[in-house]
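Structural features, examined
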Amino acid sequence: MMEAVLLLLTGIFAAACGSLVGLGGAFIIVPILALFFPMPASDIAGTSMAVLLFTAISSTWTYSKQKRIDYKSGIYFALAMMPGAVFGAWLTQFFDTDTFYTAFGIFLFCMALFLLFRPKNKQQSAGRPTTRRTFTDLTGHTYEYSYNRWIGLSIALAVGVISTSFGVGGGSVMVPTMVMLLAFPPHIATATSMFLMVLSAAVGTAAHAWFGHVQWESVLWLAIGAVVGGQIGSALAAKLPGAIILRVLAVSLVFVSLRLIFGSS
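Figured I'd write up the structure that's included with this text. (Residues numbered from 1 in each chain as written. Predicted model: local features only at pLDDT ≥ 70, side-chain atom pairs only at ≥ 80, totals over all residues. Heavy atoms only, no water.)

1. Some remarks on the overall build of the chain
Threshold: Numbered from the N terminus, helices here are DSSP runs of H or I no shorter than four residues, and strands are runs of E no shorter than two. Contacts between residues were defined by any pair of non-hydrogen atoms, one from each residue, lying within 4.5 Å.
Assigned secondary structure in the chain consists of 10 helices and two strands. Long-range contacts, defined here as pairs at least 24 residues apart, represent 81% of the contacts in the chain between residues at least 6 apart.

2. Quick word on the nonpolar core
Heads up, the rule is: By nonpolar core we mean a set of buried residues, namely Ala, Val, Leu, Ile, Met, Phe, Trp, Tyr and Cys, connected to one another through side-chain atoms within 4.5 Å. Under the scheme applied here, a residue whose accessible area is under 20% of the maximum for its type counts as buried, over 50% as exposed, and between as partly exposed, the area being computed with a 1.4 Å probe on protein chains only.
L33, F77, Y145, M174, M178, F184 and L196 are the most contacted members of the largest nonpolar core, which totals 61 residues. Considering every element that reaches this core, the biggest residue donor is helix α8 (residues 186-210), with nine residues. Not counting the four nearest positions on each side in its chain, M174 is found in contact with F77, M81, I155, A156 and V159.

3. Notes on the packing of helix α3 (residues 41-66) against helix α9 (residues 216-237)
Helix-helix packing: each pair is described by the crossing angle between the helix axes and the interaxial distance. Let me state the cut-off plainly: Note on method: axes are straight lines fitted to C-alpha atoms, helices fitted across the in-contact stretch only, with angles between N-to-C directions ranging 0 to 180 degrees. Note on angle classes: values under 35 degrees are labelled roughly parallel, values over 145 roughly antiparallel, values of 65 to 115 roughly perpendicular, and the remainder oblique. Helix crossings fall into two classes, left-handed where the near helix is turned counterclockwise from the far one by less than a right angle and right-handed where it is turned clockwise.
In the contact formed by α3 and α9, the axes pass within 8 Å of each other and the chain directions differ by 25 degrees. Considering the angle they form, α3 stands roughly parallel to α9. Note on packing geometry: the crossing formed by α3 with α9 is right-handed. Residues T47, A50, V51, F54, T55, S58, S59, W61, T62, Y63 and Q66 of α3 touch α9, and the partners they reach there are W216, S218, V219, L222, A223, A226, V227, G230, Q231, S234, A235 and A237.

4. Digging into α9
Turn by turn, an α-helix covers 3.6 residues, leaving residues three or four places apart pointing in a common direction. Selection criterion: Take the residue count of a helix, subtract one, and multiply by 1.5 Å to get its expected span.
Helix length check: α9 (22 residues) gives 30 Å between terminal C-alpha atoms against 32 Å at 1.5 Å per residue, within 8%. Of all the positions in α9, only S218, V219, L222, A223, G225, A226, G229, G230, G233, S234 and A237 are classed as buried.

5. Considerations on a nonpolar patch on the surface
For the record, the criterion: A patch is a set of surface residues, each over 30% in relative accessible area and not in a salt bridge, joined within 9 Å for like charges and within 5 Å for the nonpolar side chains Val, Leu, Ile, Met, Phe, Trp and Tyr. Surface exposure here means Shrake-Rupley accessible area, sampled with a 1.4 Å probe, where a residue is shielded only by the protein chains that are shown. Think of a salt bridge as a Lys or Arg side-chain nitrogen and an Asp or Glu carboxyl oxygen that are within 4 Å of each other.
A cluster of nonpolar side chains, namely F87, W90, F94, W210 and F211, defines an oily patch on the protein surface of about 620 Å² accessible area. Mapped onto the elements, F94 comes out in the loop between α4 (71-91) and α5 (97-116). Taking relative accessible area as the criterion, F94 reaches 54% and is therefore assigned exposed.

6. Quick look at the pattern of salt bridges
Pairing is possible between side chains that carry opposite charge, provided their charged atoms lie close to one another. Summed over all chains, the structure comprises three salt bridges. In this structure, the salt-bridge partner of R68 is D137, at a minimum N-O distance of 3.1 Å. Placement of the pair is R68 in the loop between α3 and α4 and D137 in the loop between β1 (131-136) and β2 (142-147), with a sequence separation of 69 residues. You can call R68 buried: its relative accessible area is 8%. Among the residues examined, D137 registers a relative accessible area of 4% and is labelled buried. Across the salt bridge formed by D70 and R133, the nearest N and O atoms sit 3.0 Å from each other. On the criterion of sequence distance, the pair formed by D70 in the loop between α3 and α4 and R133 in strand β1 is long-range, its members being 63 residues apart.

Right, dumping it as structure tokens:
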């Protein structure tokens, strides 16, 4: 019973923090499963991916009501991530536990550095812009930005492999990528990230389930908490400035990455 309560609380906390910054909460769920629950690395990734699907659905519902999701871009990125997600799920069976923890920690730490030391001035899209987006959210704020779609699709394909291998769904790469390389406003990047994770996490979860990497009893309790936490996080995100969201994201990634790197040594 205590294990079920811990999983429930983990789901609430992870989804609230994760949906606040567009990550879905896997960056919290993965280390907690690794540190407190005896699972193979492949099962940690698969179980986390399954929970991420529920978090993404919950958060996307709230963000859709705020009208901050760039659906067109999200669908393109998700379609590019799907082939990589299947390959990444297959790849996890070859990871040993210590390598999995250390690699994931280094990966998150690099993402945190990119966010903390990115230029303060308005970002320009990498490459020549091929797509221009303009729309207005529920509060009446209008967003205008342009980006190179082919760069975004190429990164999304690689993210599909990396994210599903680690069970994180891709937000920890796609949000920084959309902000720094594709010039997305932080609020739009966060909301769109959760939407594209609904699509990519569905494929990743199915692939992990096919390979037998999902512990469904743990998923049940984590998912119940994730549905609640996803609503909390996405509601908070609407009230915070974009700069604050990115700082919270960076600090969260540093904390978790260091715990994983040194905890696995």
